[in-house]
Amino acid sequence: MNINSPESSYDIVVVGGGMVGASFAQALSQNLGEHCPKILVVEATAPKAESSAQPSFDARSTALSFGSRKIYESMQLWEKLEQRVSAIHEIQVSDRGRFGSTQLSCDEQGVEALGYVVENTDLGEVLHEQLMASKSIAFLAPAKIEQAVPVQEGMMLDVTEGDQKFAILAGLVVLADGGRSPVCQQLGIEQFKESYKQHAIITNIAFELPHQNIAFERFTETGPLAVLPLREFDGEHRCSIVWTVGADDSEAYLQTDSAEFMSNLQASFGNRLGAITQVGEKFCYPLSLSMAKEQIRPGIVLLGNVAHTLHPVAGQGLNLALRDIEALVLTLGEAISKQQPLGSMATLQAYVEKQEFDQQKAIRFTDSLTKLFSSNNQTNVVTRKLGLLSLELIPAARKTFAEQAMGLVAR
Ligand SMILES: Cc1cc2nc3c(=O)[nH]c(=O)nc-3n(C[C@H](O)[C@H](O)[C@H](O)COP(=O)(O)OP(=O)(O)OC[C@H]3O[C@@H](n4cnc5c(N)ncnc54)[C@H](O)[C@@H]3O)c2cc1C
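In this text, all values refer to a predicted model and were calculated from it rather than measured experimentally.

**A closer look at the overall build of the protein chain**
Argument step 1. In terms of helices and strands, the protein chain carries twelve helices and 20 strands.
Argument step 2. Taking all 411 residues of the protein chain together, the buried fraction comes to 55%.
Argument step 3. Counted over contacts in the protein chain with a minimum sequence separation of 6, partners at least 24 positions apart contribute 74%.
Argument step 4. Total accessible area computed for the protein chain in this model is approximately 17,900 Å², and 51% of it derives from carbon and sulfur atoms.

**Concerning the sheet that holds strand β3 (residues 61-65)**
Argument step 1. On the basis of which strands lie adjacent, the open sheet formed by three strands has the order β3-β7-β4 and antiparallel pairing. Each having just a single partner strand, β3 and β4 (86-88) make up the two edges of the open sheet. Between one strand and the next, the sheet's axes are offset by a mean angle of 30°, whatever the strand orientation.
Argument step 2. Relative to strand β7 (residues 115-119), β3 runs antiparallel, the two being bridged by five bridges. If you follow Leu64 over to β7, its bridge partner there is Tyr116.
Argument step 3. Most of the contacts of helix α2 (residues 66-74) go to β3, to which it runs at about 85°, and overall it touches β3 and β7.

**Remarks on the pairing of strand β9 (residues 144-151)**
Argument step 1. Two elements, β9 and strand β10 (residues 154-161), share seven bridges in a ladder whose sense is antiparallel. Bridge assignment links Val151 to a residue of β10, and that residue is Gly154.
Argument step 2. The turn joining β9 and β10, which pair antiparallel and follow one another in sequence, is formed by two residues.

**Here's the deal with the nonpolar core**
Argument step 1. Among the nonpolar cores identified, the biggest contains 68 residues, and Ile12, Phe24, Leu28, Ile39 and Tyr72 are the most heavily contacted of them.
Argument step 2. Among the elements that make up this core, the one with the highest residue count is helix α9 (residues 317-337) (nine residues).
Argument step 3. Membership of the second largest hydrophobic core comes to 28 residues, among which are Ala292, Ile300, Leu302 and Ala307.

**A few points about the side chain of Ser181**
Argument step 1. Mapped onto the secondary structure, Ser181 falls in the loop between β11 (164-175) and α6 (182-187).
Argument step 2. Owing to a relative accessible area of 2%, Ser181 belongs among the buried residues under this scheme.
Argument step 3. Apart from the residues lying within four places of it in its own chain, the contact partners of Ser181 are Leu175 and Val306.

**Focus on α2**
Argument step 1. All of the buried residues along α2 are Phe66, Gly67, Ser68, Arg69, Ile71 and Tyr72.
Argument step 2. Gln76 sits one or two residues past α2 and shows a positive phi near 60°.

**Some points on the environment of Asp324**
Argument step 1. Within the fold, Asp324 resides in helix α9.
Argument step 2. Distance in space between the C-alpha atoms of Asp324 and Asp358 is 8.7 Å, their sequence separation being 34 residues.
Argument step 3. If we skip the residues at most four places from it in the chain, Asp324 touches Leu303, His308, Tyr351, Gln355 and Gln359.

**Focus on the side chain of Glu119**
Argument step 1. Structurally, Glu119 is set in strand β7.
Argument step 2. Beyond its immediate sequence surroundings of up to four residues, Glu119 is in contact with Arg60, Ser61, Asn204, Leu230 and Arg238.

**Focus: helix α5 (residues 120-133)**
Since the α-helix turns once every 3.6 residues, residues separated by three or four places project in the same direction.
Argument step 1. Between its first and last C-alpha, α5 extends 20 Å over 14 residues, near the 20 Å set by a 1.5 Å rise per residue.
Argument step 2. Considered for burial, the residues of α5 that qualify are Asn120, Asp122, Leu123, Gly124, Val126, Leu127, His128, Gln130 and Leu131.

**Brief notes about the environment of Met291**
Argument step 1. Counting through the fold element by element, Met291 comes out in strand β17 (residues 283-292).
Argument step 2. What Met291 contacts, discounting residues up to four positions off in sequence, is Glu190, Gln191, Phe192, Ala307, His308 and Ile363.

**Topic: the packing of aromatic side chains**
Argument step 1. If you walk through the whole model with that rule in mind, you get five aromatic pairs.
Argument step 2. Where Trp78 meets Tyr116, the ring centres are 4.9 Å apart and the plane angle is 65°; that geometry is what we call edge-to-face. Linking Trp78 in helix α3 (residues 78-82) with Tyr116 in strand β7, this pair joins segments that are 38 residues apart in sequence.
Argument step 3. Ring geometry for Phe207 against Phe269: centres 5.5 Å apart, planes inclined by 45°, an arrangement best described as tilted. In this pair, Phe207 is assigned in strand β12 (residues 191-207) and Phe269 in helix α8 (residues 258-269), connecting sequence segments 62 residues apart. For the pair shown, Phe207 and Phe269 are each scored as buried.

**Some words on the pattern of salt bridges**
When their charged atoms lie close together, side chains carrying opposite charge are able to pair.
Argument step 1. Evaluation of the coordinates by the stated rule reveals 13 salt bridges.
Argument step 2. One salt bridge in this structure joins Arg69 and Glu112, with 3.0 Å as the shortest N-O distance. In this pair, Arg69 is assigned in helix α2 and Glu112 in the loop between α4 (106-109) and β7, connecting sequence segments 43 residues apart.
Argument step 3. When the shortest N-O distance is used, the salt bridge between Glu334 and Lys354 registers 3.2 Å. Within this pair, whereas Glu334 is found in helix α9, its partner Lys354 is found in helix α10 (residues 345-373), the two being separated by 20 residues in sequence.
Argument step 4. Each of Arg69, Lys70, Glu73 and Glu112 takes part in a single network of salt bridges with overlapping partners.

Rules used throughout
Per-chain numbering applies: the sequence of each chain, read as written, is numbered from 1 onward. Only residues with pLDDT of at least 70 get local features here, since the model is predicted, and only at 80 or more are side-chain atom pairs given and counted; chain-wide, interface and lining totals rely on the full set of residues. Only hydrogens and water are set aside; all other atoms, that is, all heavy atoms of the structure, feed into the side-chain values. A run of H or I in DSSP becomes a helix once it reaches four residues, and a run of E becomes a strand once it reaches two; helices and strands are each numbered from the N terminus. Burial classes: relative accessible area under 20% of the type maximum marks a residue as buried, over 50% as exposed, and values in between as partly exposed (1.4 Å probe, protein chains only). Two residues qualify as a contact provided that any one of their heavy atoms is within 4.5 Å of a heavy atom in the partner residue. In these tables, accessible area is a Shrake-Rupley quantity obtained with a 1.4 Å probe, and a residue counts as shielded only by the protein chains included in the view. Only when DSSP finds a minimum of two bridges between them are two strands counted as paired. Fitted lines through C-alpha atoms give the axes, limited to the stretch in contact for helices. The angle between two N-to-C directions lies from 0 to 180 degrees. Only buried Ala, Val, Leu, Ile, Met, Phe, Trp, Tyr and Cys residues count toward a nonpolar core, and they belong to the same one when joined by side-chain atoms within 4.5 Å. To estimate how far a helix should extend, the number of its residues minus one is multiplied by 1.5 Å. Classification of ring pairs uses Phe, Tyr and Trp, with its six-membered ring standing for Trp, and accepts pairs whose centres are within 6.5 Å; under 30 degrees between planes counts as stacked, over 60 as edge-to-face, and the remaining range as tilted. Salt-bridge detection follows one rule: a side-chain nitrogen of Lys or Arg within 4 Å of a carboxyl oxygen of Asp or Glu.

Geometric values such as these leave the question of function open.
Next up, the structure:
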């Protein structure tokens, strides 16, 4: 529910109502029901503003894994999302101009779909509708957390809403304010950061032929190119692309006119879906790997991009954050039933222990895939060929790859 003036204290304050903050609040309220602690979500962007104004719900699309579908089902969100997604029945991975390709299919894996593509604006709309409808979640926006100060009972937060200022005490702060996070900097929580010296160009395109629910991961001269199936609109066979290019070249890609861009893209992707007939507005994202050196402190836990930002090549960022959310909700539920303080290090350490293996695995998987497939160095080309071949020939390698892609990770 939307509120105008917050109370002076909450059990949990979520900083950031983006994909991760909004999903966490929903997960907590749905899973804990009447035992749900008093929770406030503070979001810097106005809810009624153009959805593209909010960084989380911009023009991108997100590939949700099969595992993430299960998580959204447990939050009673899937029913609404289902009408807005496009299922992925097959993933084709290939290396442009070189021998070696592999494909995974839902039939082989025995699942209804390997994953689903949702446009971020649609996901944002569904999450916000639920936040507004929820009686147990207070939602304050546009409002900004300016500062967090550790105190005996948790964290004291300075909040601004227009020209009003509030001080709010939180038993636990769930920091989900994205990769730049001034709050994290102010608290002196350092980030390990490695730039990939690449940018992602993202846009929506239309092909002459239907995509047949296939997601393509193509490794091109510039870097990986993902082509993801979107729902048809006005009879257009739409796909979303994430095209990785060198950081110095991205401006040229953004500036080229539509005809030239489509022709370059067609040359890189090939004719598998016929001619590219349309291209939408292009956007650019700098790509890096970053990980917070501390994910917890007394009274605070980091979630989403502020905890770990991954290269989008393997579509793992939000999927991993959703598994983190699932583990954190479980841990907080256990703490409530044992009457332990939510912000204590004992509670939060239990969460970190549940998730650290999964996080490390997803980070390693994404980082090695990015490095291997972004290089034309001869050794990497050979390793790549062998990698694709082993995915074709070795059942165990194929199983591991499929499980990671589908977000079915054993803890
Ligand atoms: C090109 C690209 C493609 C991707 N594709 C995929 C994919 O296919 N699958 C996948 O799983 N992941 C994908 N990802 C990753 C995914 O987008 C991220 O995991 C996700 O956006 C992280 O969301 P977040 O809520 O942590 O951060 P953000 O999206 O940055 O949201 C942070 C929110 O906090 C708010 N905020 C900031 N500061 C404050 C403050 N002081 N007070 C209050 N509010 C504040 C902001 O307004 C914002 O709404 C992709 C990423 C990129 C760049």
